[in-house]
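A look at the structure
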Amino acid sequence: MPLSTAEQQQATPKIIKQGHQLRHNLLKDLTERIRATFVYTGIDVASTPLFFGVRGAQLAGRASLITCGPLPTRHGQTRPFTDLITDMENALDLTQHPPGTLPRHASYLHQRTSGRIGSLARLIRQAAITASCDGAERITKKSLEAIQLDHLAEEARRPRIRQPPTTA
């Protein structure tokens, strides 16, 4: 039974990760039985079976698709990538790490990760683990440079060799 406007305003948001791997019946049951606003996250959701066929069309008719790309360095007057770096740095528990170190490297971190949140999280997490294990208790640009990232981030970083134009 559809929710009234008042019920919708009181609905609690529920976030379901890996939505592209779920089945139509489960998603339909969740939306019909639980008073909540659902946010399904996933990779390339629009091209998965989730939105195809009769059941997929039902779900597509009930959902709004928001495509997210890399996090920009600037958005109007704000700096979302730097703000994220600051939040991640504030969560670190390194005794010798000076606050503000990572945000000062925002440009380098964006170039290194192509603005991808997962790559950034992996880089900072691995740098923090390394700093804790080696006793440095701080993250430096040099320590960040020593970490190998995921394949996508490393491929984006590699210089491209231009091929000469072919002639017929």
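Quick note: structure is the one above.
Attention here is on the structure that accompanies the text. (Residues numbered from 1 in each chain as written. Predicted model: local features only at pLDDT ≥ 70, side-chain atom pairs only at ≥ 80, totals over all residues. Heavy atoms only, no water.)

Here we take up the environment of Pro103. Following the sequence through the fold, Pro103 ends up in the loop between helix H4 (80-90) and helix H5 (106-113). For Pro103, a relative accessible area of 18% corresponds to the buried category. The sequence separation of Pro103 and Met88 amounts to 15 residues, and the corresponding C-alpha distance is 9.7 Å. Look past the residues within four positions of Pro103 in its chain and what remains in contact with it is Thr82, Ile85, Thr86 and Glu89. (Helix = DSSP H or I, 4+ residues; strand = E, 2+ residues; numbered from the N terminus. Buried < 20%, exposed > 50% of the residue type's maximum accessible area, 1.4 Å probe, protein only. Contact = heavy atoms within 4.5 Å.)

Glancing now at helix H6 (residues 117-133). Over its 17 residues, H6 runs 24 Å from end to end, which matches the ideal 24 Å to within 8%, given 1.5 Å per residue. Within the span of H6, buried status applies to Ser119, Leu120, Leu123, Ile124, Ala127, Ala128 and Ala131. Along the axis of H6, the buried residues cluster in a sector spanning 160 degrees; they form a single face. Away from its buried face by more than 90 degrees, H6 exposes Gly118 and Cys133. In the segment just after H6, Gly135 is the residue with positive phi, at about 85 degrees. (Expected span 1.5 Å × (residues − 1). Arc of directions from axis to C-beta.)

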